[in-house]
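Tertiary structure, described
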Amino acid sequence: MDNEQTYQGSCFCGDVQFTVSGAPEAMGYCHCESCRHWSGGPVNAFSLWKPEAVQITRGADNIGSYHKTDNSHRKWCKTCGGHFLSEHPLMGLTDVYASAIPDFDHQAAVHVNYQETTLRIKDGLPKLRDFPAEMGGSGDVLPE
Ligand SMILES: [Zn+2]
Ligand SMILES: [Zn+2]
C-alpha cells in the first residue's frame, strides 16, 4: 500500500533528478544572509522533508556539496550549477527548494530569519526573528 504522493524534482539542466514523497514537515521562506549569499536571491522558498523522503534518481555522481557550517550541506549540479537542496543533519531534515520541484504546491506558512531580511514581504504570514522555539530559535515574531 503506497498512497504517498511523489513529486519530480531536478536541477536547472535536468542532469540531476530526484523525487520527494509524502508531505513536508514545514514550508516557508528564509531571509537569512547565508541563503541569500549562496543562492543569489533575496529569499529562499524552503520545504523541509525527512531525509528518507528525498531520493536521487539520476546524476548522483554529478552533485556538488559544500558546507560552511555543520548544519547546512548545500547541493548543486556540477553541470549547470543549479541549486536544488540543502541537508540539515543537525535538524534531521532536508530543505528542497520550491523552485526545484515545480509540480509541488508550495504553501508557505512562515517566514524565518526575518531579522536579516532585505526584502520585506507583506503577505500576512508570521515573520519570525530567527527560528521557531521548537526548532531552537527565539520564536519571536517581528512586524512585517
Ligand atoms: Zn544541472
Ligand atoms: Zn536561510
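Our subject is the structure listed above.
The structure contained in this document is the topic of the report that follows. The residue numbering used here restarts from 1 in each chain and proceeds along that chain's sequence as written. Each chain takes a letter, starting from A, and each ligand takes a number, starting from 1, following the order in which they are written. Note on the predicted model: pLDDT of at least 70 is required for a residue's local features to be given, and 80 or more for side-chain atom pairs to be given and counted; whole-chain, interface and lining totals, by contrast, use all residues. The basis for every side-chain value is the complete set of heavy atoms in the structure, and neither hydrogens nor water enter the calculation.

1. Comments concerning the overall build of the protein
Along its length, the protein carries one helix and 10 strands. For the protein, the N- to C-terminal ordering of α and β elements is β-β-β-α-β-β-β-β-β-β-β. It is over C-alpha atoms that the radius of gyration is taken, and the globule rule equals 2.2 Å times the number of residues to the power 0.38. Here the C-alpha atoms of the protein give a radius of gyration of 15 Å, agreeing with the 15 Å that 2.2 N^0.38 yields for 144 residues. Counting only C-alpha atoms and orienting by the principal axes, one finds that the protein spans roughly 45 × 35 × 25 Å. Taking contacts inside the protein between residues at least 6 apart in sequence as the whole, the part at least 24 apart equals 48%. Computed by Shrake-Rupley with a 1.4 Å probe, the accessible areas treat only the displayed protein chains as cover when residues are assessed. Carbon and sulfur atoms form 49% of the exposed surface of the protein, whose accessible area is close to 7900 Å². A residue counts as positive if it is Lys or Arg and as negative if it is Asp or Glu; His and the chain ends are not included. All charge positions are set by atom: Lys at NZ, Arg at CZ, Asp at CG, Glu at CD. In the protein, the 11 positive side-chain charges and the 18 negative ones have mean positions that sit 8 Å from each other. Strands here mean DSSP runs of E at least two residues long; helices mean DSSP runs of H or I at least four residues long; both are numbered from the N terminus. Note on contacts: a residue pair is in contact if any heavy atoms of the two residues lie within 4.5 Å.

2. A look at the coordination of the zinc ion (ligand 1)
The donor definition counts N, O and S atoms within 2.8 Å of each metal and applies 3.2 Å to Na, K and Ca; water is not among these atoms, so some sites may look incomplete. Here the zinc ion (ligand 1) is held by Cys11 (SG), Cys13 (SG), Cys77 (SG) and Cys80 (SG), and the distances to it run 2.3 to 2.4 Å. Sites are called tetrahedral only when four donors show all angles between 85 and 135 degrees, square planar or octahedral only when four or six donors show opposite pairs over 155 degrees and all other angles between 65 and 115, and irregular in any remaining case. Geometry at the zinc ion (ligand 1) is tetrahedral, judged from its four donor atoms and the angles of 104 to 114° they form at the metal. Written as a sequence motif, the donor residues of the zinc ion (ligand 1) are C-x1-C-x63-C-x2-C. With a gap of 64 residues between them, Cys13 in the loop between strand 1 (6–10) and strand 2 (17–21) and Cys77 in strand 7 (residues 72–77) connect regions that are remote in the sequence.

3. A short note on the environment of Val112
Positionally, Val112 belongs in strand 10 (residues 110–112). Spatially, the C-alpha atom of Val112 lies 13 Å from that of Leu48, the residues being 64 residues apart in sequence. Not counting chain neighbours up to four residues away, the residues in contact with Val112 comprise Tyr29, Cys30, His31, Phe46, Leu128, Asp130, Phe131 and Pro132.

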